[in-house]
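Next come the chains, spelled out residue by residue.
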Amino acid sequence: MDVNRFENLGQDVRRELDAHGAPVPSDEQRMILLEHAMRLGERPAQRSWLAPAVAAFASILLMTGIGWALSSVWTEGTAPINPPQAPITTATAERTTHWIEARSDAPERLELPDGTVFTFEPTARGRVEVEPGVAVRTTLERGEMSASVRKGQPNTWRFWAGPFQVQVIGTEFTIRWDAAEGRFELDVREGEVRVTGGPLVGAGMAVTGGQQLRANVDDGAVELGPLPDPSASGALQPEPVEADAPAPSAVVVVVPTERPGPDHPQSPPAHVAAPTEPARVVAQPEPARPTWKEAAEAGRHTEALGLARAAGIDRLIERLPPNDLLLLADCARLGGDAAAARMTLTGLRRRFPKADPAAAAAFRLGRLSGSPAEQVRWYRTYLSESPSGALASEANGRLVQALHRSGDAPAAQREARLYLERYPSGAYVAFARSVVAQDANP
Amino acid sequence: MSNAPRRLSAVPNDAAPDPPVRVLRAAWHGSEAEFLQALQDGGGGAWSIFYDRFAGMIHATVRRQLGRDDSVEDLVQDALHRLVSSVKSVRDPECLPGWVRAVTINTVRSELRRRYVRRILHFDSAALDRAEGDAIDHDGRALLRSVYSVLDQMSPELRIVFVLRYIDEHSLAEVAETCEWSLATTKRKLSRAQQRFAKLAEQLPELRARLEGGERWT
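Residues numbered from 1 in each chain as written. Chains lettered and ligands numbered in written order. Predicted model: local features only at pLDDT ≥ 70, side-chain atom pairs only at ≥ 80, totals over all residues. Heavy atoms only, no water.

### Section: the overall build of chain A
Next up, step 1: Counting secondary structure elements, chain A contains 14 helices and 15 strands.
Next up, step 2: Expressed as a percentage of the 442 residues in chain A, the buried residues total 50%.
Next up, step 3: Across chain A, every contact between residues at least 6 apart in sequence was considered, and the portion connecting residues at least 24 apart equals 50%.
Next up, step 4: Just so you have it, chain A exposes about 19100 Å², and 54% of that area is on carbon and sulfur atoms. (Helix = DSSP H or I, 4+ residues; strand = E, 2+ residues; numbered from the N terminus. Buried < 20%, exposed > 50% of the residue type's maximum accessible area, 1.4 Å probe, protein only. Contact = heavy atoms within 4.5 Å. Areas by Shrake-Rupley, 256 points an atom, 1.4 Å probe, with all protein chains shown as cover.)

### Describing the overall build of chain B
Next up, step 1: Counting its regular elements, chain B contains 9 helices and 1 strand.
Next up, step 2: Counting from the amino terminus, helix and strand elements in chain B follow one another as β-α-α-α-α-α-α-α-α-α.
Next up, step 3: Burial analysis of chain B (218 residues in total) assigns 50% to the buried set.
Next up, step 4: When contacts within chain B are restricted to residue pairs at least 6 apart in sequence, those whose partners lie at least 24 apart make up 60%.

### Description of helix 12 (residues 392–406) of chain A
Residue and element names in this part refer to chain A.
Next up, step 1: With 15 residues, helix 12 extends 21 Å from end C-alpha to end C-alpha; this agrees with the ideal 21 Å at 1.5 Å per step.
Next up, step 2: When you tally the buried positions in helix 12, you get 12 out of 15 residues, the bulk of the element.
Next up, step 3: Along helix 12, the positions that sit buried rather than exposed are Ala392, Ser393, Glu394, Ala395, Asn396, Gly397, Arg398, Leu399, Val400, Gln401, Ala402 and Leu403.
Next up, step 4: Looking at the residues trailing helix 12, positive phi occurs at glycine 407, about 90 degrees. (Expected span 1.5 Å × (residues − 1).)

### A word on the pattern of salt bridges
Residue and element names in this part refer to chain A.
Next up, step 1: As enumerated under the stated definition, the model contains 28 salt bridges over all chains in all.
Next up, step 2: Residues arginine 176 and glutamate 185 are paired through a salt bridge, measuring 3.0 Å at the closest nitrogen-oxygen approach. Of the two residues, arginine 176 and glutamate 185, both sit in the buried class.
Next up, step 3: The closest approach of N and O atoms between aspartate 187 and arginine 176, which form a salt bridge, is 2.4 Å. Here the residue aspartate 187 occupies a position in strand 10 (residues 183–190), and arginine 176 occupies one in strand 9 (residues 172–178), the gap between them amounting to 11 residues. (Salt bridge = Lys/Arg side-chain N within 4 Å of Asp/Glu carboxyl O.)

### Structural notes on the pairing of strand 10 of chain A
Residues and elements named next belong to chain A.
Next up, step 1: Bridge count for strand 9 against strand 10 is 7 bridges, and the pairing is antiparallel. Looking at the pairing, glutamate 172 lines up with glutamate 190 of strand 10.
Next up, step 2: Examined bridge by bridge, strand 10 and strand 13 (residues 211–216) share 6 bridges and lie antiparallel to one another. Its bridge partner being in strand 13, phenylalanine 184 is matched across the sheet by alanine 215. (Pairing = 2+ DSSP bridges.)

### Considerations on the pairing of strand 5 (residues 125–131) of chain A
Residue and element names in this part refer to chain A.
Next up, step 1: The element strand 5 is extensively covered by neighbouring structure, given that 6 of its 7 residues are classed as buried.
Next up, step 2: By the bridge criterion, 6 bridges tie strand 2 (residues 96–101) to strand 5 in an arrangement that is antiparallel. The residue of strand 5 that forms the bridge with tryptophan 99 is arginine 127.
Next up, step 3: In this sheet, strand 6 (residues 135–148) lies alongside strand 5 in antiparallel orientation, the contact comprising 7 bridges. In the sheet register, arginine 127 faces strand 6, and the bridge partner there is threonine 139.

### Remarks on the packing of aromatic side chains
Next up, step 1: Counted by the stated rule, this structure contains 13 aromatic pairs over all chains.
Next up, step 2: With a centroid separation of 5.1 Å and 65 degrees between ring planes, the pair formed by phenylalanine 162 of chain B and tyrosine 166 of chain B is classed as edge-to-face. One end of the pair is phenylalanine 162 of chain B and the other is tyrosine 166 of chain B, both in helix 6 (residues 156–167) and 4 residues apart, which spans about a single turn. Take phenylalanine 162 of chain B and tyrosine 166 of chain B: they sit in the same class, and that class is buried.
Next up, step 3: An aromatic cluster of three or more residues is present, and its members are Phe6 of chain A together with Phe162, Tyr166 and Phe197 of chain B. (Phe/Tyr/Trp six-rings, centres within 6.5 Å; stacked < 30°, edge-to-face > 60°.)

### Quick look at the packing of helix 7 (residues 172–179) of chain B against helix 8 (residues 183–201) of chain B
All names here are of chain B.
Next up, step 1: Running from amino to carboxyl end, helix 7 crosses helix 8 at an angle of 100 degrees, the nearest separation of the two axes being 9 Å. It follows from the interaxial angle that helix 7 and helix 8 lie roughly perpendicular. Facing helix 7, whose interface residues are Leu172, Ala173, Val175 and Ala176, helix 8 presents Leu183, Thr186, Lys187 and Leu190.
Next up, step 2: Taken together, the residues of the contact of helix 7 with helix 8 sort by class into 6 nonpolar, 1 polar and 1 charged. (Axes fitted to C-alpha atoms, helices over the stretch in contact; angles between N-to-C directions. Parallel < 35°, antiparallel > 145°, perpendicular 65-115°, else oblique. Nonpolar A, V, L, I, M, F, W, Y, C, P; charged D, E, K, R; others polar.)

### Section: the nonpolar core
Next up, step 1: Of all hydrophobic cores here, the largest spans 63 residues; its most connected members are Phe50 and Phe197 of chain B.
Next up, step 2: Counting residues per element, this core draws most heavily on helix 2 (residues 44–66) of chain B, at 10 residues.
Next up, step 3: Mapping this core onto the domain boundaries places at least three of its residues in each of domain 1 (17–127) and domain 2 (129–218) of chain B.
Next up, step 4: Excluding residues within four positions of it along the chain, phenylalanine 197 of chain B makes contact with Phe6 and Leu9 of chain A together with Val147, Val150, Leu151, Met154, Phe162, Leu207 and Leu211 of chain B.
Next up, step 5: Core analysis: the next-biggest nonpolar cluster, separate from the first, contains 53 residues, Ala295, Leu326, Ala359 and Ala360 of chain A among them. (Core = buried A, V, L, I, M, F, W, Y, C linked by side-chain atoms within 4.5 Å. Domains from an automatic or database assignment.)

### Description of the environment of aspartate 330 of chain A
Next up, step 1: Looking at where aspartate 330 of chain A falls in the secondary structure, it is placed in helix 8 (residues 322–334).
Next up, step 2: Relative accessible area serves as the criterion here: at 4%, aspartate 330 of chain A is assigned to the buried category.
Next up, step 3: Taking the C-alpha atoms as reference points, aspartate 330 of chain A and alanine 341 of chain A, 11 residues apart in sequence, are found 6.8 Å from one another.
Next up, step 4: Ignoring sequence-local partners within four residues, the contact set of aspartate 330 of chain A consists of Ile32 and Arg364 of chain A together with Gln77 of chain B.
Next up, step 5: Here arginine 364 of chain A takes part through its side chain, which lies 3.0 Å from a polar atom of the side chain of aspartate 330 of chain A. (Polar contact = N/O pair within 3.5 Å; in protein donor to acceptor, adjacent residues only side chain to side chain.)

In structure tokens:
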């Protein structure tokens, strides 16, 4: 048979497919991709044999009491002081990783030999990797930290807070990171920094002295303005501390490491010592992670679903944080178990009705619904809970489709007109126009 | 300048007041090697640009392999997951487009194999009742239904090579690279795919006439 006939046939098929379903970018897919990529970036790097060995040695030191003596050298003044003063940790000349978890009633201060000072405010947690003369990599896991970086040092300075990266030359600034809300704030008092990550794609954004940058991972909002009055409200605040809550002591873990590279590895969290204990050198084993999650993050959805079933999906639904529930639901959906996906999403909304992922769950429930009426309900739920959310345009477009399928022509046309007003270059413009045109030419 | 923070739009806006609004979905300004490194580091900004560059290609590849099918979006997402998970295996930034296509095709192949096995075991029908998608315009629906009902009965390997060559319009060399076959193997499989398609098309009078007569579909 003539090959040209296949070529002609293929061209016609291609034209038909592209004419009625040309590929369009999807905000939902982009967000899911970014979430997955962020997890990839946070995945722990392979650890050398040396780090566990050193950690084990540190444990022995701790058990024999030598650790306590060492800690008194590396950390000072960890006993409660009134008014609270930042205890000072002086970094040594070796490559070190400092795990810092500030106690609830006092900041934690780390001073490098070059004069650079990091201050972790109460309840803040993070780590500082120092490779003298080469790089200093700081990760703020939660809360607020300030840095006064001295100019003229050969170090490369990198700061991470969630998906955001801050590159520094010489400056004074404060970073706040609220992982639960996806909120990032940066106050630059002096010098200039460049921020990338999250919604700040490409080369990112320069922030200079006297400016404040606010960004939100969830809705992609980015605000740049002058530094607010320090007494003004609205900035991220440290977690409130109950008056009678036990105040954990600050703990600094110093773990020499020989792992090279500019990445920012996720490492075990600092151990919080008993309330009245002084700071100690603590060695922590690698924390066990849920295996279903590892498989999910590697994109092995069917395997992840099987592991989740083995662990008990019911139990996971009652135990996992909201973002993990979204991940579990995605695994179930991509693994072909729509019922488990629905159950997970419904559980998420029941347990965390006010959290941002609840709205994302509503959107996903709309996608999973078989009936147009159900789809309409869930997309409207999403839009009511997150009217300017990252998936709002997608939900609006899908709402028009669902209303059209349900046979509610007046509502479909009404929503189609609203869609065209709100998203004139949106992915569903052609469909919305066709719905509106049906109204004009009944 | 007021003390209120300035909200930045994510898209260009010609009517924006001074100071100018920044374009957040920017192109990558570094080298391709730096771009690959940023992807491997899990940088959200780089992955957003990656999505802008390749999502259309991934979507088109999946859609042309499956036709109008409810699973297209899920498979695109699945392919994106696989790409994130395997990006550290890429060494040459110039290989990115070919790697994206190969991973996408592997994702499609997994799904087609699953369907093929189910069909052999009679868990599924011959998939003649295909989803019609969301399009209101019905032009070409008969063509798509006929072609993809034939493709649904082909083995995954033959289907993929046929679609890559004739619907995706890739060269033989590109098909070989995507499927990780030699050129000779690709030619052999394509020949078998043509024969299989033609044989199955004989059961559908319109399609048979089309292939025998060589007329364009109307």
